[in-house]
Amino acid sequence: MAFFRIYDAAGVGLNSDIESIFPSGDDFDVTGMDYDLLSDDRARFSGMLDNGLSFRAIVSDIRAEPALRSMDFLSNGAMVMTLSQLRIPVDDDSGFDRILAGADEMIGNRYADVLEGEGGNDILRGGGGNDRLRGGDGNDLLQGGAGADKLNGGVGKDRLDVGLDAQADTIVFSGARHSAVGRGRDVVVNFDRGEDHVDLRALDARSDTLGDDAFLWGGQTRADRSLWWVATDSGVILKGDLGGDGDSRADFEIMLNGIDALSKGDILL
């Protein structure tokens, strides 16, 4: 699991072009770099990247197969970002391109961040600011923190925590398979009715017609191409049927913990 953290000293949030911060294979060439030996097989290298950031890097196995284990990025001596829990061979020019493919933990700062986990079971924590968190594939944990955040878990069994602040957050579902029926459904916590919303506008309620059809609101009554909710001991399950098959059975479900009802106003259709 790779670990990322961006600090307030960056002056901006982490954007979706995070990989532009990382050095290229040519940029991270330990030959001729300043270094300090930390032990017989570990060293701390330092230098300057083409993007103007300075860095400190820990490299292990320096006498056998040197591998990058962590990097700190700095601007005028102030910490901008930490990248750790790595194992990238220093002679692998494409190693940085594969960092986000696995399980990651990413922590934003007080500005507006865009955190994208891509593959793997990711942990994304927005911090302050109006953040955009996208888990991608895998069973992800997304925590919006303070600010008006948008959380999209992607495919997998995700836990989506919009936080306890008074800002309006949005849980976005881009496809029916983003939240399965039954135990594989996504779980939303700290949802504040009248403030937060579940956004289903990207879903077409009818696959048998041209165009993009919105869902009908059924309250607690299920029906074809409709949304309805069912109360449980721990909250409410929002269920949705994709019309056209005539079965009026849920094709996706979303668990919202800690509430006892839903209304049409809680959903963006």
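The shown structure was predicted, so the numbers you read here are calculated from the model rather than taken from an experiment.

**Student:** Just to check I follow, could you spell out the sheet that holds strand β15 (residues 170-172) for this structure?
**Tutor:** Working definition: the strands of a sheet are paired by backbone hydrogen bonds and lie parallel or antiparallel to each other. Judged by pairing direction, the sheet is parallel, and its six strands sit side by side in the order β9-β11-β13-β15-β17-β22 without closing on themselves. The open sheet has two edge strands, β9 (114-116) and β22 (267-268), and neither has a second partner. Examined bridge by bridge, strand β17 (residues 197-199) and β22 share two bridges and lie parallel to one another. Residue pairing for β22: Asp 199 is matched across the bridge by Leu 268.

**Student:** Looking at this structure, how should I read the pattern of salt bridges?
**Tutor:** Once their charged atoms are close, side chains differing in charge can pair, the charge on each being opposite to the other. Under the definition given, this model contains eleven salt bridges. Between Arg 87 and Asp 61 there is a salt bridge, with the nearest N and O atoms lying 2.6 Å from each other. Placement of Arg 87 in the loop between β6 (78-84) and β7 (88-89) and of Asp 61 in the loop between β4 (54-60) and β5 (67-75) is noted, with a sequence separation of 26 residues between them. Arg 134 is the salt-bridge partner of Glu 116, the closest N and O atoms lying 2.9 Å from each other. With a gap of 18 residues between them, Glu 116 in strand β9 and Arg 134 in strand β11 (residues 132-134) connect regions that are remote in the sequence.

**Student:** Honestly, unusual backbone geometry in this entry has me stumped. Any pointers?
**Tutor:** Most of the time, phi is negative for any residue but glycine, and the peptide bond is trans. Despite not being glycine, Asp 61 shows a phi value in the positive range, around 50 degrees. The phi torsion at Arg 225 lies on the positive side, around 50 degrees, for a residue other than glycine. Assignment of secondary structure puts Arg 225 in the loop between β18 (216-217) and β19 (226-231).

**Student:** Help me out: how do you make sense of the domain arrangement of the protein in this one?
**Tutor:** Buried accessible area, meaning the area lost when the parts come together, often serves as the stated size of an interface. One can read the domain layout of the protein as domain 1 (17-83) and domain 2 (88-266). For domain 1 versus domain 2, the separation of C-alpha centres amounts to 36 Å.

**Student:** Is there a simple way to explain the pairing of β19 in this structure?
**Tutor:** Within a regular strand, side chains alternate between the sheet's two faces. Sheet topology note: the β18/β19 ladder contains two bridges and is parallel. Paired with Leu 216 across the bridge in β19 is Ser 226. Here five bridges tie β19 to strand β20 (residues 235-240), and the two strands are oriented antiparallel to one another. Note on β20: the bridge partner recorded for Val 230 is Ile 237. Counting the residues that bridge the hairpin from β19 to β20 gives three residues.

**Student:** I would appreciate a short explanation of the nonpolar core in the present structure.
**Tutor:** Within soluble globular proteins, side chains that are nonpolar tend to cluster in buried spots. Core analysis: the biggest nonpolar cluster contains 49 residues, and Phe 173, Val 198, Leu 200, Leu 238, Ile 254, Leu 256 and Leu 262 have the highest contact counts within it. Among the secondary structure elements, those contributing two or more residues to this core are β1 (2-6), β3 (42-48), β4, β5, β6, β19, β20 and β21 (252-257). Counting the residues that make up this core, at least three belong to each of domain 1 (17-83) and domain 2 (88-266). Ignoring anything within four residues of it in the chain, the contact list for Leu 256 reads Val 188, Phe 191, Val 198, Ser 234, Gly 235, Val 236, Leu 238 and Leu 262.

Rules behind the numbers
- Residues numbered from 1 in each chain as written.
- Predicted model: local features only at pLDDT ≥ 70, side-chain atom pairs only at ≥ 80, totals over all residues.
- Heavy atoms only, no water.
- Pairing = 2+ DSSP bridges.
- Helix = DSSP H or I, 4+ residues; strand = E, 2+ residues; numbered from the N terminus.
- Salt bridge = Lys/Arg side-chain N within 4 Å of Asp/Glu carboxyl O.
- Domains from an automatic or database assignment.
- Core = buried A, V, L, I, M, F, W, Y, C linked by side-chain atoms within 4.5 Å.
- Buried < 20%, exposed > 50% of the residue type's maximum accessible area, 1.4 Å probe, protein only.
- Contact = heavy atoms within 4.5 Å.

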